[in-house]
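Here are the chains, one letter per residue:
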Amino acid sequence: MADDLAIQHAPGPRLIRAASEAAGVDEALIEKLVHAFYARIRADAVLGPIFNAKVADWDRHLAQMCAFWSSVMLQSGRYLGRPMPAHVRLPVDAAHFDHWLGLFEQTAHQVCGPEAGALFVARARPIAASLEMGVAAFNQALPGPDRRYRRS
Ligand code: HEM
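From a predicted model like this one, the values you see are computed outputs, not experimental measurements. (Residues numbered from 1 in each chain as written. Predicted model: local features only at pLDDT ≥ 70, side-chain atom pairs only at ≥ 80, totals over all residues.)

## Here's the deal with the site of the ligand
Taken together, 20 residues surround the ligand, and among them K54, G81, A86, H96 and A128 come closest. Elements with a contribution of two residues or more to the shell around the ligand: α4 (47-54), α5 (58-74), α6 (83-87) and α7 (94-138). It is α7 that contributes the most residues to the shell around the ligand, seven residues altogether. The residue makeup of the shell around the ligand, split by class, is 15 nonpolar, four polar and one charged. (Near = placed C-beta within 6 Å. Helix = DSSP H or I, 4+ residues; strand = E, 2+ residues; numbered from the N terminus. Nonpolar A, V, L, I, M, F, W, Y, C, P; charged D, E, K, R; others polar.)

## A word on the packing of helix α3 (residues 27-43) against α7
For the pair α3 and α7, interaxial distance at closest approach is 7 Å and the crossing angle is 160 degrees. With respect to α7, the element α3 is oriented roughly antiparallel. Regarding α3 and α7, the two cross each other, and that crossing is left-handed. Side by side, α3 and α7 meet where L29, K32, L33, A36, F37, R40 and I41 of the first sit next to L103, F104, T107, A108, V111, C112, A116 and F120 of the second. Tallied by class, the residues present in the contact of α3 with α7 amount to twelve nonpolar, one polar and two charged. (Axes fitted to C-alpha atoms, helices over the stretch in contact; angles between N-to-C directions. Parallel < 35°, antiparallel > 145°, perpendicular 65-115°, else oblique. Left-handed = near helix turned anticlockwise from the far one by under 90°. Contact = placed C-beta atoms within 7 Å.)

## Describing α5
With 17 residues, α5 should reach 24 Å at 1.5 Å per residue; the first-to-last C-alpha distance of 23 Å fits that figure. For α5, the full list of buried residues reads W69, S70 and M73. All buried residues of α5 project into a common sector of 105 degrees when viewed along the axis, lining one side. Its buried side turned inward, α5 meets α2 (13-22), α3 and α7. (Expected span 1.5 Å × (residues − 1). Buried ≥ 20, exposed ≤ 12 C-beta atoms within 10 Å, placed from the backbone. Arc of directions from axis to C-beta.)

## Describing the packing of α3 against α5
Closest axis-to-axis distance for the α3/α5 pair is 9 Å, and the angle between their directions is 130 degrees. In terms of orientation, α3 lies oblique with respect to α5. When you trace α3 past α5, the crossing you get is right-handed. Between α3 and α5, the contacting residues are E27, I30, E31, V34, H35 and Y38 on the first element and L62, M65, C66, W69, S70 and M73 on the second.

## Digging into the nonpolar core
Residues L33 and F120 are the most contacted members of the largest nonpolar core, which totals 25 residues. Of all elements in the fold, only α2, α3, α5 and α7 reach the threshold of two or more residues within this core. The biggest single contributor to this core is α7, with eleven residues. (Core = buried A, V, L, I, M, F, W, Y, C linked by C-beta atoms within 7 Å.)

## Quick look at α3
Across its 17 residues, α3 extends 25 Å between first and last C-alpha, which sits within 8% of the 24 Å expected from 1.5 Å per residue. Where α3 is buried, its residues meet α4, α5 and α7.

It is worth stressing that arrangement in space is one thing and function is another; only the former is reported here.
Spelled out as structure tokens, the structure:
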């Protein structure tokens, strides 16, 4: 039910929030997920070095990511930043985004259980896809429809 609402019908803010709350998503769960996820990211052989080269203040980054996910899942408006400019210059392509999503999915299911985990992943996927397109466009390599951005 929650999946149908979140994925197929592109619901407005109130329905997104209701679906999240029905699945048990609250600020405490978001904080647990964000901290577990970035602990894995920091230790990851592929993504760790990319993050560690950019993020000097991890407490600040974690707080920012909690605010971001709170805005996405609970529509709280706590995040006021712009994700795209933070990513376009990164040395990443489709493989990095797939790897990010794989780690995120694993962590979300472990930390949040299947229902809430699936909601987080359903929200992460289109955001990852749009960041990937942004990176491609920034590199003047926008792929055609249904194609992914791969660096040569
Ligand atoms: C290849 C995958 C990714 C990499 C390597 C990556 C890397 C980074 C790095 C290094 C920063 C910090 C930038 C800075 O402080 O200068 C950042 C910030 C951020 N990332 Fe990602 N990211 C990835 C995917 C994603 C995805 C899929 C999402 C959302 C679902 C996301 C959401 C954010 C947000 C909200 C910020 C904070 C931006 C701001 O307000 O400054 N990232 N990311």
